[in-house]
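# Residue-level structure breakdown
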Amino acid sequence: MDLIYLDHSATTPVDPKVLTTMEPFMTTQFGNASSIHTFGRQARNAIEVAREQVAALIGASRSSEIVFTSGATESNNQAIKGTIAHHQQKSVATPLHLVTCATEHHAVLHPCQYLEREGIEVTYLPVDRYGRISLEYLKEAIREKTVLVSIMYVNNEIGTIHPIKEICQLAKLEGVPVHTDAVQAAGKIPIDVDFLGVDLLSLSAHKFNGPKGIGALYIQRRQRLSSLLHGGEHERNRRAGTENVAAIVGMGKAAEIALQELDHKAQHLTNLVQRLRTGILTNLDNVVENSLPASQELVPGMLSLSFTDVGAEALILRLDMEGICVSSGSACASGSLEPSHVLAQLGISPQLAQSTIRFSVGSSNTEADIDTTTEKITKIVKQIRSLP
Ligand SMILES: Cc1ncc(COP(=O)(O)O)c(C=O)c1O
């Protein structure tokens with residue numbers, strides 16, 4: 001049975017061109033980038049090419065502003081905890097304050113909650129029915145002791161795009177830097193850090209057809225952070241540890257391809273989601289849309305729908321038996337019995353949240369995949385709903 005994979009927000013397959021680019025750095029060119037001999041220089045040069053490629057994907061004018069990490073979880077932790085630690089070193093007087101959003105990924109929320117236990121004050125901005133924050137609330141939330149605003153670029157469960165440029169403009173008026181978790185934006189919408197005015201930005205390669213376990217943090221050159229890891233002088237003293245050369249090279253190549261294919265991919269993903277949405281909503285009643293319907297504020301490729309009276313777990317398993325792979329939301333929370341915190345913040349009841357499916361399409365999906373999915377989901381939902 002040919003499988004149809006519609007869970008690209010969880011992870012994506014490694015592009016064959018990425019794999020080919022990585023291979024020599026695990027075999028013939030295996031050097032440590034800190035060594036000064038030929039092997040070391042080969043590795044160093046390859047890392048610097050990758051740094052340029054990642055910088056280009058996000059419009060950073062200086063590749064030195066890119067620090068490679070183990071993924072976006074580390075990048076987010078580094079951005080948030082590193083900013084706090086830097087300020088704590090300067091003064092310990094009144095408690096420092098952060099502003100974030102209630103629908104962030106756990107890789108932002110949990111570092112914030114950790115810091116709260118350490119005495120840092122955190123404001124979690126509420127969202128509307130489609131996950132949008134209010135700039136008015138943001139303005140009210142920023143105070144004298146605010147040292148960072150961290151708002152994700154694109155939500156990973158419903159696909160809402162936050163107005164990062166406006167957020168940066170507002171925060172800048174108060175002299176507060178902005179971090180954005182751009183994991184679900186990279187490769188799907190254009191990113192230009194200079195245009196946005198963002199100070200810190202997190203990326204993860206496995207969300208745009210690169211390998212897992214590698215990510216990056218963009219650090220605007222005037223931004224000051226304390227490092228989380230202490231050790232060697234790698235990454236200009238910003239991230240200790242021998243560089244994972246093959247993965248870095250893979251991330252660079254994936255970034256290069258993502259940039260080249262951005263416009264075409266965005267159009268393709270938008271068309272497929274539109275087809276899926278129309279098909280499902282035409283065939284089935286009592287389907288609640290959690291993603292903004294056909295909007296500029298919705299990332300290409302994502303659709304979150306709640307199927308009234310249908311348990312998501314049963315639906316996912318039945319679809320899986322038919323060869324269709326979807327998820328109920330964040331992959332990182334899929335083992336949890338708790339309803340999604342994102343859907344709860346939208347005001348969706350726990351029962352409806354447990355009836356929610358996130359479809360996330362990718363470049364290799366076809367219209368035929370979408371039509372098969374629509375047909376099977378229609379059949380399964382009707383069957384489940386007809387059970388006594
Ligand atoms: C919005 C967002 N942030 C952070 C992460 C964590 O990224 P990584 O897997 O690279 O640690 C994810 C992964 O699902 C994500 O979707």
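Every value quoted in this text rests on a predicted model; they were computed, and no experiment measured them.

## Section: the packing of helix H2 (residues 38-57) against helix H9 (residues 245-283)
- Relative orientation of the contacting elements H2 and H9 amounts to 35°, with a least axis distance of 8 Å. Helix-helix and strand crossings are classified by hand; for H2 and H9 the assignment is left-handed. On H9, the residues touching Ala-43, Ala-46, Ile-47, Ala-50, Gln-53, Val-54, Ala-56 and Leu-57 of H2 are Val-245, Ile-248, Val-249, Met-251, Gly-252, Lys-253, Ala-255, Glu-256, Ala-258 and Leu-259.
- Class assignment for the residues of the contact of H2 with H9 results in 14 nonpolar, two polar and two charged.

## So, the domain arrangement of the chain
- When the domains of the chain are assigned, the result is domain 1 (4-11 + 262-386) and domain 2 (16-257).
- The C-alpha centroid of domain 2 is placed 28 Å from the C-alpha centroid of domain 1.
- Counting residues at the interface gives 32 residues for domain 1 and 29 residues for domain 2.
- Taking both partners together, domain 1 and domain 2 bury about 2700 Å²; carbon and sulfur atoms supply 54% of that area.
- Ranking the residues of domain 1 by area buried against domain 2 places Leu-262, His-341 and Leu-346 at the top, with a combined share of 20%.
- Taken together, domain 1 and domain 2 are joined by one salt bridge.
- Put simply, Arg-132 and Glu-297 hold a salt bridge, and the shortest N to O gap is 3.3 Å.
- Mapped onto the side of domain 1 that touches domain 2, the elements with two or more residues apiece are H9, strand E9 (287-289), strand E10 (302-307) and helix H11 (341-345).

About the thresholds
In every chain, residue numbers begin from 1 and rise along the written sequence. The predicted origin of the model limits local features to residues at a pLDDT of at least 70 and limits the giving and counting of side-chain atom pairs to 80 or more, whereas totals for whole chains, interfaces and linings rest on all residues. Calculation of side-chain values draws on the structure's entire complement of heavy atoms; hydrogens and water are dropped beforehand. Angles run from 0 to 180 degrees between N-to-C directions of axes, and those axes are lines fitted to C-alpha atoms, restricted for helices to the stretch in contact. Put simply, DSSP marks the helices as runs of H or I at least four residues long and the strands as runs of E at least two long, and each gets a number from the N terminus on. Helix crossings are classified by the rotation of the near helix relative to the far one: an anticlockwise turn of less than a right angle makes the crossing left-handed, while a clockwise turn makes it right-handed. The contact criterion used throughout is that any non-hydrogen atoms of two residues lie within 4.5 Å. Amino acid classes used here: Ala, Val, Leu, Ile, Met, Phe, Trp, Tyr, Cys and Pro are nonpolar; Asp, Glu, Lys and Arg are charged; the rest, including Gly, are polar. As used throughout, domain bounds are those supplied by an automatic or database domain assignment. The buried area of a pairing is the accessible area, by a 1.4 Å probe, that goes missing from both parts when the two are put together, added over both. Salt bridge, as applied in this entry: a Lys or Arg side-chain nitrogen positioned within 4 Å of an Asp or Glu carboxyl oxygen.

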